[in-house]
Amino acid sequence: MASADPQPRFGQSVKGLLSDKVGSCSGDVIALTRQVLKGSRSQELLSQAARNMVIQEDAILHSEDSLRKMSIITTHLQYQQEAIQKNVEHSKNLQDQLRHLLK
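The chain is annotated in an unreviewed UniProt entry as BLOC-1-related complex subunit 7 from Solea senegalensis. Taken verbatim from the UniProt record of the chain, the Subcellular location (unreviewed entry) comment is "Lysosome membrane". Recorded under Sequence similarities (unreviewed entry), the UniProt text for the chain is reproduced unchanged: "Belongs to the BORCS7 family."

> Please provide a residue-by-residue account of the overall build of the chain, values included.
Summing up its helical and strand segments, the chain has 1 helix and 0 strands in all. Each of the 103 residues in the chain was classed as buried or not, and the buried ones make up 0%. For the chain, the exposed area adds up to about 9700 Å²; of that, 62% sits on carbon and sulfur atoms.

> Outline a nonpolar patch on the surface, listing residues and values.
The grouping of Leu98, Leu101 and Leu102 at the surface amounts to a nonpolar patch, some 390 Å² of accessible area in total. Secondary-structure assignment places Leu102 in helix α1 (residues 6-102).

> Run through the pattern of salt bridges, naming residues and quoting values.
According to the stated counting rule, one finds 5 salt bridges in the structure shown. For Glu64, the salt bridge goes to Arg68, with nearest N and O atoms at 3.3 Å. You can see Glu64 and its partner Arg68 sitting in helix α1, 4 residues apart, about one turn around the helix. Within this structure, Glu64, Asp65, Arg68 and Lys69 form a network of salt bridges that share partners.

Conventions and cut-offs
Residues numbered from 1 in each chain as written. Predicted model: local features only at pLDDT ≥ 70, side-chain atom pairs only at ≥ 80, totals over all residues. Heavy atoms only, no water. UniProt positions renumbered as here; feature names shortened; annotations may be inferred. Helix = DSSP H or I, 4+ residues; strand = E, 2+ residues; numbered from the N terminus. Buried < 20%, exposed > 50% of the residue type's maximum accessible area, 1.4 Å probe, protein only. Areas by Shrake-Rupley, 256 points an atom, 1.4 Å probe, with all protein chains shown as cover. Patch = residues over 30% accessible without salt bridge, like charges linked within 9 Å, V, L, I, M, F, W, Y side chains within 5 Å. Salt bridge = Lys/Arg side-chain N within 4 Å of Asp/Glu carboxyl O.

Right under this line is the structure:
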(Lines give C-alpha, C1' and ligand atoms only; values in the text may rest on other atoms or scores of the structure.)
Protein backbone atom coordinates (compact mmCIF):
# COMPACT_ATOMS: atom_id res chain seq x y z
CA MET A 1 0.00 0.00 0.00
CA ALA A 2 2.92 2.28 0.47
CA SER A 3 3.54 2.33 -3.25
CA ALA A 4 -0.12 3.20 -3.98
CA ASP A 5 -0.11 6.09 -1.54
CA PRO A 6 2.52 8.32 -3.30
CA GLN A 7 0.86 7.72 -6.67
CA PRO A 8 -2.42 9.49 -5.79
CA ARG A 9 -0.50 12.36 -4.23
CA PHE A 10 1.58 12.76 -7.37
CA GLY A 11 -1.57 12.55 -9.49
CA GLN A 12 -3.32 15.06 -7.28
CA SER A 13 -0.38 17.47 -7.41
CA VAL A 14 -0.24 17.16 -11.21
CA LYS A 15 -3.97 17.77 -11.36
CA GLY A 16 -3.55 20.77 -9.05
CA LEU A 17 -0.73 22.18 -11.17
CA LEU A 18 -2.73 21.54 -14.30
CA SER A 19 -5.76 23.22 -12.76
CA ASP A 20 -3.60 26.22 -11.78
CA LYS A 21 -2.17 26.42 -15.30
CA VAL A 22 -5.64 26.20 -16.84
CA GLY A 23 -6.84 28.97 -14.49
CA SER A 24 -3.81 31.08 -15.36
CA CYS A 25 -4.36 30.50 -19.09
CA SER A 26 -8.04 31.38 -18.83
CA GLY A 27 -7.08 34.56 -16.98
CA ASP A 28 -4.64 35.35 -19.79
CA VAL A 29 -7.33 34.66 -22.42
CA ILE A 30 -9.75 36.96 -20.58
CA ALA A 31 -7.09 39.70 -20.40
CA LEU A 32 -6.30 39.20 -24.09
CA THR A 33 -10.00 39.37 -24.96
CA ARG A 34 -10.32 42.63 -23.01
CA GLN A 35 -7.34 44.08 -24.87
CA VAL A 36 -8.80 43.03 -28.24
CA LEU A 37 -12.13 44.57 -27.32
CA LYS A 38 -10.39 47.71 -26.14
CA GLY A 39 -8.43 47.81 -29.39
CA SER A 40 -11.64 47.28 -31.33
CA ARG A 41 -13.26 50.16 -29.45
CA SER A 42 -10.20 52.30 -30.15
CA GLN A 43 -10.50 51.43 -33.84
CA GLU A 44 -14.18 52.40 -33.76
CA LEU A 45 -13.30 55.73 -32.15
CA LEU A 46 -10.56 56.36 -34.71
CA SER A 47 -12.95 55.53 -37.55
CA GLN A 48 -15.57 57.87 -36.12
CA ALA A 49 -12.97 60.61 -35.72
CA ALA A 50 -11.89 60.13 -39.33
CA ARG A 51 -15.51 60.34 -40.53
CA ASN A 52 -16.05 63.50 -38.46
CA MET A 53 -12.87 64.98 -39.90
CA VAL A 54 -14.09 64.34 -43.45
CA ILE A 55 -17.43 65.97 -42.61
CA GLN A 56 -15.62 68.99 -41.13
CA GLU A 57 -13.35 69.21 -44.16
CA ASP A 58 -16.40 69.29 -46.44
CA ALA A 59 -17.96 72.00 -44.27
CA ILE A 60 -14.75 74.03 -44.41
CA LEU A 61 -14.56 73.69 -48.20
CA HIS A 62 -18.20 74.73 -48.51
CA SER A 63 -17.57 77.73 -46.23
CA GLU A 64 -14.53 78.69 -48.26
CA ASP A 65 -16.60 78.54 -51.45
CA SER A 66 -19.33 80.66 -49.84
CA LEU A 67 -16.78 83.25 -48.72
CA ARG A 68 -15.34 83.40 -52.24
CA LYS A 69 -18.83 83.99 -53.66
CA MET A 70 -19.56 86.65 -51.05
CA SER A 71 -16.32 88.40 -51.96
CA ILE A 72 -17.39 88.49 -55.62
CA ILE A 73 -20.83 89.82 -54.64
CA THR A 74 -19.19 92.49 -52.45
CA THR A 75 -17.03 93.59 -55.37
CA HIS A 76 -20.08 93.85 -57.65
CA LEU A 77 -21.97 95.82 -55.01
CA GLN A 78 -19.03 98.25 -54.74
CA TYR A 79 -19.09 98.75 -58.53
CA GLN A 80 -22.83 99.39 -58.38
CA GLN A 81 -22.40 101.84 -55.52
CA GLU A 82 -19.73 103.74 -57.48
CA ALA A 83 -22.01 103.83 -60.54
CA ILE A 84 -24.92 105.13 -58.43
CA GLN A 85 -22.69 107.83 -56.90
CA LYS A 86 -21.55 108.91 -60.36
CA ASN A 87 -25.17 109.03 -61.54
CA VAL A 88 -26.18 111.08 -58.48
CA GLU A 89 -23.35 113.57 -59.17
CA HIS A 90 -24.31 113.66 -62.83
CA SER A 91 -27.96 114.29 -61.94
CA LYS A 92 -26.88 117.13 -59.61
CA ASN A 93 -24.94 118.65 -62.47
CA LEU A 94 -27.99 118.29 -64.72
CA GLN A 95 -30.20 119.89 -62.06
CA ASP A 96 -27.75 122.80 -61.80
CA GLN A 97 -27.75 123.21 -65.60
CA LEU A 98 -31.55 123.13 -65.66
CA ARG A 99 -31.74 125.81 -62.95
CA HIS A 100 -29.38 128.03 -64.95
CA LEU A 101 -31.43 127.48 -68.10
CA LEU A 102 -34.69 128.24 -66.33
CA LYS A 103 -33.42 131.51 -64.84
